[in-house]
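# A look at the structure
Chain by chain, the residues run as shown.
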Amino acid sequence: MAPGDIHSPSSWEQNQLSQQTAHEDDRLTPAERSEVFTQAAFLQQGDETSARLRTGGTYVLSPSVFAGATVDLSTGEAFSDTDETGLSLNELYLTASPANLSQLRFSVGLLDLTSYLDRNSFAKDSLTQFFNPVFQTNPALSTVNVASRPGALVNYTPVDELSLTAATYSSRKGLGDFSLDSFAGEVGLRFGNAILRGTYVTSRDGGQEDGFEEIFSIDRGNGQFGPLPGDREESFGLNGEVFIPDINLGLFGRYGWYTNTDLGVSGQTYSLGVNALDVFLPNDRLGLGYGRQLSNDDLRQNLDNPVPDVWELFYDAEVIDHLRAGFSVQQRNAWTETYLGFRVRYDLRWTNLIQEGES
């Protein structure tokens, strides 16, 4: 998640602002938008332990231009979209908005694409919402390099009910392998307290040779199996959410379709669930969800693999100022494996770093 998402909201409307993040919310006012933040997090699921220290911020260069960066020091798999752990640069970007057309935003640099695409108020952030990755960025999209990548992005929000996003980026994170070989486009529609997003992505296998589990059983000949670096991949995702203010309840659902066009094989994924807000304490969350990881049913049945599904119940609350804690219980793989999870998250943010009129 992006640096602006520091505290869990107490209402759906506040959550919408946090989901917009420092990249897209409000107008560019220097005294309000310049900030520095730091976040420490620890997460354990079953035998897997991950930790991350993230530091970053945004600095407004003018009323229409600001720069941002985030740096991570991490261990474990939960906070990394690649095999890269340790010290890494997650974002380094410049965003500009025409002075006479503030609804239009251009961003260029190293972008965390998960902050712009497939956002959801109730299933996105592993440190406030669900623990399991199936409830975070759509697996069909994350497989096609919707992660931290160098590129350029444009967002246009002519009215509150419509948001259009397009991005071109490199399938590989390293500048030595930079190539604008990927494209992502998203349309977001708001209907009162409901939001529907549709996302299309095309990219190349970035060298991780990832995909759904069964794809690695496909024989390409010459002793090669499954995806290879450079394979063309496509994905489509649908993402919906609705908030019911009378009972402070949020509903969400996702569907994703992934295709490796070189292999001619596809996989599907979906998830759905609920979030209840302010249940026992102010700013707490109680969530229940069911999801299925990216999979090809025919191949899975031929291999006699278990259904890669998961249901999860989690609770997350603010223990003291700046400190949140949560726990989770999950059942995976046709409900045959039980996992317990625990996490803590500590955030500090410094805003209003410059005075009005200094820019």
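The following paragraphs examine the structure supplied in this document. (Residues numbered from 1 in each chain as written. Predicted model: local features only at pLDDT ≥ 70, side-chain atom pairs only at ≥ 80, totals over all residues. Heavy atoms only, no water.)

Right, let's talk about unusual backbone geometry for a bit. For N248, which is not a glycine, the phi torsion comes out positive at approximately 55°. As for its placement among the helices and strands, N248 is situated in the loop between β12 (232-244) and β13 (249-260). Judged by relative accessible area, which is 18%, N248 ranks as buried. The backbone of N283 sits at a positive phi, close to 70°, despite the residue not being glycine. You can see N283 is positioned in the loop between β14 (265-277) and β15 (285-295). (Helix = DSSP H or I, 4+ residues; strand = E, 2+ residues; numbered from the N terminus. Buried < 20%, exposed > 50% of the residue type's maximum accessible area, 1.4 Å probe, protein only.)

The next subject is the environment of F252. Checked against the element boundaries, F252 lands in strand β13. With 37 residues separating them in the primary sequence, F252 and G289 have C-alpha atoms 9.0 Å apart. Dropping the residues within four chain positions of it, F252 is found in contact with N120, F122, A123, F130, F135, G240, E241, S271, L272, G273 and V274. (Contact = heavy atoms within 4.5 Å.)

Once that is clear, we can look at the pattern of salt bridges. As a working rule, side chains carrying opposite charge can pair if their charged atoms are close by. Overall, the coordinates contain 11 salt bridges when judged by the stated rule. A salt bridge links R254 to D118, with the nearest nitrogen and oxygen atoms 3.0 Å apart. Of this pair, R254 sits in strand β13 while D118 sits in the loop between β5 (104-112) and α3 (139-142), placing them 136 residues apart in sequence. For R292, the salt bridge identified is with D297, shortest N-O distance 3.8 Å. Here the salt bridges do not stand alone but share partners, grouping D125, R345 and D347 into one network. (Salt bridge = Lys/Arg side-chain N within 4 Å of Asp/Glu carboxyl O.)

Let us now look at the side chain of S295. Relative to the elements of secondary structure, S295 occurs in strand β15. Here the side chain of S295 touches E214 through a polar contact of 3.1 Å, side chain to side chain. Not counting the four nearest positions on each side in its chain, S295 is found in contact with F212, E214, G267, Q268, R300 and P308. (Polar contact = N/O pair within 3.5 Å; in protein donor to acceptor, adjacent residues only side chain to side chain.)

On to the nonpolar core, then. Counting residues in hydrophobic clusters, the biggest one holds 23 residues, and the most contacted among them are L113, V146, V201, I215 and Y258. Contributions of two or more residues to this core are made by α3 and β7 (162-169). Excluding residues that lie within four positions of it along the chain, V201 makes contacts with L141, V144, V146, Y169, F183, A184, E233, E234 and S235. In terms of nonpolar packing, the next biggest core, distinct from the first, is built from 15 residues, A41, F131, F252 and V310 among them. (Core = buried A, V, L, I, M, F, W, Y, C linked by side-chain atoms within 4.5 Å.)

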